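Understanding the architecture of this molecule
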Amino acid sequence: MSFKEKKLEKIMIIGLGLIGSSVALGIKREHPDVHILGLDRAETLDIALEAGIIDEKVNELNVAEQAGIILLAVPIQATLDYMEALSQLDLKKNVLITDTSSTKTEIMLKAKEVFKGKNVTFVGGHPMAGSHKSGVLAADVNLFENAYYVLTEKNEDLQELLSGLHAKFIIVEPKEHDQVTSQVSHFPHILASSLVQQSDDYAKNHPLVKHLAAGGFRDMTRIAEADSIMWTSVLLSNPEEILGRIEDFKQQLDTISQKISEKDEQAIKEFFENGKIIRQHMEILKGKGAIPSFYDLYVSIPDEKGVILRILALLQDISIVNIKINEENREDIHGQLQISFKTEKDLSRAREMIEFATDFEVEGEQDD
Ligand SMILES: NC(=O)c1ccc[n+]([C@@H]2O[C@H](COP(=O)([O-])OP(=O)(O)OC[C@H]3O[C@@H](n4cnc5c(N)ncnc54)[C@H](O)[C@@H]3O)[C@@H](O)[C@H]2O)c1
Ligand SMILES: O=C(O)C(=O)C[C@]1(C(=O)O)C=C[C@@H](O)C=C1
């Protein structure tokens, strides 16, 4: 049965939080006539129905027997439980099931176990975009714009269904996925939470810690606000790879500790130079990875009345996607205006206008 025929079927999304709701919005953007069944807690479903994210609330899993495609967007342990439960139902012939979990090895082993010999196609999925926010109220149709969407295998129907997310599909083996995400996602979340807890301990004798933290600390710790249930599930689902990253990081810290103890100026300088070059050449800075997902211009602004309106007036003929003010604790700079554009051309035009009309420091995509 092709997607077109499946599309006449109902799509079921289990878990209408940040990811499930954002996926639903993306599906509807491209396929407004798809009928989406939603399963979640009652209050979440009420919001999702009211917001047009789903078309029908369900509170029984066996309604899945009506669906041609089922998408799981709940924490990993719940995903595993649902896979088990779904395998016991009389699902549609050739039903397509996919998940969004932040790990893949455990999920794919489960799929092999419970759907073996059944008329089910299970494709592991993982959108490499998200937020520290959670829940249906955090839903964002643009969440996956320009982000990678990992699949464990190519599937035309699924990719067509999800085409409205405007993500880039990439096929990755489950084990490799869990190794890579342990480095760029799972371990960073541990670091962020450790850093804020270490700082909280230190603040007991140094209360100014809670006041003097600036943009660097803010950037490093945003994800410490992420959902504890989700991240507990992630760590328990990928323990070996994550423990390996922790051990490796301990060695990194030991190395730099030794250079500091030896006051090895050259080695310390190379340490930071190396980090700078690596970060500048990572895809995330080019808007090709998940974040910042668009083309971002950073304008350092003085603490002057009306300065932001003045900048936006200059850009009134350019399409702006998002504006953010990042506070800075620097003496001469009140903050940094982060202006996001959909295209590099818009960013370049905006940069030219601001540099022509002001003497503000401007940085953008072009800066390698
Ligand atoms: N948050 C991110 O940045 C991100 C990014 C990519 C993938 N993911 C993955 O997406 C999945 C969902 O994460 P999220 O960020 O949307 O979390 P979330 O907390 O925003 O949403 C989870 C939703 O699932 C519901 N839920 C939980 N247990 C349930 C159950 N047993 N039955 C029905 N509904 C249940 C919750 O009520 C909530 O609405 C997770 O597997 C996570 O690993 C998260
Ligand atoms: O953007 C964020 O806040 C995220 O944490 C998203 C993020 C990550 O980058 O680690 C979190 C979990 C996912 O599985 C994928 C992406």
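Everything numeric in this text was worked out from a predicted model, so none of it was measured.

**Comments concerning unusual backbone geometry**
Note on backbone geometry: most residues besides glycine have negative phi, and most peptide bonds are trans. One non-glycine residue with positive phi stands out, namely Asn 94, at about 65°. Relative to the assigned elements, Asn 94 resides in the loop between α4 (76-86) and β5 (95-99). A relative accessible area of 29% places Asn 94 in the partly exposed class. Of note, the phi angle at Asn 146 is positive, near 70°, even though the residue is not glycine. Topologically, Asn 146 is positioned in the loop between β7 (125-127) and β8 (148-151). Look at Asn 146 and you get partly exposed, because its relative accessible area is 21%.

**Some details on the site of ligand 1**
The immediate surroundings of ligand 1 are formed by 23 residues, with Asp 40, Val 74, Tyr 82, Ser 102 and Gly 135 found nearest. A distance of 2.9 Å separates an oxygen atom of ligand 1 from a polar backbone atom of Leu 18. Val 74 is positioned such that a nitrogen or oxygen atom in its backbone is 2.8 Å from an oxygen atom of ligand 1. Taking 830 Å² as the accessible area of ligand 1 by itself, protein coverage stands at 85%. Residues that form the shell around ligand 1 fall into these classes: 11 nonpolar, 10 polar and two charged.

**Section: the site of ligand 2**
Near ligand 2 you find Ser 102, His 126, Pro 127, Gly 130, Ser 131, His 132, Ser 185, His 189, Arg 222, Ile 223, Met 230 and Trp 231, and these make up its full shell. Between Ser 102 and ligand 2, the recorded distance is 2.6 Å, taken from a side-chain N or O atom to an oxygen atom. Within the side chain of His 126, a nitrogen or oxygen atom sits 2.6 Å from an oxygen atom of ligand 2. Its free accessible area being 370 Å², ligand 2 has 87% of it covered by the protein chains. In the shell around ligand 2, the residues fall into four nonpolar, seven polar and one charged. Composition of the shell around ligand 2 by domain shows at least three residues from each of domain 1 (3-172) and domain 2 (175-256).

**A word on the domain arrangement of the protein chain**
Annotation of the protein chain at the domain level lists domain 1 (3-172), domain 2 (175-256) and domain 3 (295-366). The C-alpha centroid of domain 3 is placed 31 Å from the C-alpha centroid of domain 2.

**Brief notes about the packing of aromatic side chains**
The geometry of an aromatic ring pair is captured by the separation of the ring centres together with the interplanar angle, meaning the angle of the planes. For the structure on display, the rule yields four aromatic pairs. Between Tyr 149 and Phe 169 the ring centres are 5.6 Å apart and the planes differ by 55°, which places this aromatic pair in the tilted class. Taken as a pair, Tyr 149 in strand β8 and Phe 169 in strand β9 (residues 168-171) lie far apart in primary sequence, 20 residues in all. The interplanar angle of 75° and the centroid separation of 5.0 Å between the aromatic rings of Phe 271 and Phe 272 together place this pair among those described as edge-to-face. According to the relative accessible area criterion, Phe 271 is partly exposed, its value standing at 39%. In this structure Phe 272 comes out as exposed when scored by relative accessible area, which is 56%. A cation sits over an aromatic face here: Lys 168 above Tyr 148, 4.0 Å from the ring centre.

**Section: the packing of helix α11 (residues 239-261) against helix α12 (residues 265-280)**
Where α11 meets α12, the closest approach of the two axes is 8 Å, and the angle between their N-to-C directions is 140°. α12 is crossed by α11, and the crossing has left-handed handedness. Residues Ile 256, Lys 259 and Ile 260 of α11 form the contact with α12, whose participating residues are Ala 267, Ile 268 and Phe 271. Grouping the constituent residues of the contact of α11 with α12 by class yields five nonpolar, no polar and one charged.

**Brief notes about helix α10 (residues 228-237)**
Considered for burial, the residues of α10 that qualify are Trp 231, Ser 233, Val 234 and Ser 237. Buried residues of α10, viewed axially, fall in a sector of 155°; they line one side. Turned more than 90 degrees from where α10 packs its buried face, Ser 228, Ile 229 and Leu 236 sit exposed. Close packing links the buried residues of α10 with α4, α5 (105-114), α7 (174-203) and α11. Regarding α10, its N-cap is Asp 227, as a side-chain oxygen of that residue lies 3.2 Å from the backbone nitrogen of Ile 229 further along.

**Quick notes on the side chain of Thr 181**
Counting through the fold element by element, Thr 181 comes out in helix α7. For Thr 181, a relative accessible area of 2% puts it in the buried group. The contact partners of Thr 181, leaving out residues within four places of it in the chain, are Ser 102, His 126, Met 128 and His 186.

Definitions and limits used
- Residues take numbers from 1 onward in each chain, read along the sequence in its written order.
- Each chain is given a letter, starting from A, and each ligand a number, starting from 1, according to the order in which they appear as written.
- Per-residue local features are limited, in this predicted model, to residues with pLDDT of at least 70; the limit for side-chain atom pairs, both in listing and counting, is 80 or more; totals at the level of whole chains, interfaces and linings are taken over all residues.
- As a convention, hydrogens and water are excluded, and side-chain values are obtained from all of the structure's heavy atoms.
- Helix and strand definitions follow DSSP, with helices as H or I runs of at least four residues and strands as E runs of at least two, each counted in order from the N terminus.
- Each residue gets one of three labels from its accessible area relative to the maximum for its type: buried under 20%, exposed over 50%, partly exposed in between, using a 1.4 Å probe on protein chains only.
- We call a residue near a molecule or strand whenever a single non-hydrogen atom of that residue lies within 4 Å of it.
- By the criterion applied in these results, polar contacts are pairs of N or O atoms within 3.5 Å in which, for protein atoms, one can donate a hydrogen and the other can accept it, and in which residues neighboring in sequence qualify only through two side-chain atoms.
- Note on areas: Shrake-Rupley with a 1.4 Å probe; residue coverage comes only from the protein chains shown.
- Any residue outside Ala, Val, Leu, Ile, Met, Phe, Trp, Tyr, Cys, Pro, Asp, Glu, Lys and Arg is labelled polar, Gly included; the first ten of those are nonpolar and the last four are charged.
- Where a domain begins and ends is set by an automatic assignment or by a domain database.
- Any two rings among Phe, Tyr and Trp, with Trp reduced to its six-membered ring, count as a pair given centres within 6.5 Å; such a pair is stacked if its planes are under 30 degrees apart, edge-to-face if over 60, and tilted if neither.
- For a Lys NZ or an Arg CZ to count as sitting over a ring, it must be within 6 Å of the ring centre and within 35 degrees of the ring normal.
- Only the contacting stretch of a helix is used when fitting its axis, a line to C-alpha atoms as for every element, and angles between N-to-C directions run 0 to 180 degrees.
- Working rule for handedness: look at the near helix, and if it is turned counterclockwise from the far one by less than a right angle, call the crossing left-handed; if clockwise, right-handed.
- The contact criterion used throughout is that any non-hydrogen atoms of two residues lie within 4.5 Å.
- When we speak of the arc, we mean the arc of directions from the helix axis to the C-beta atoms.

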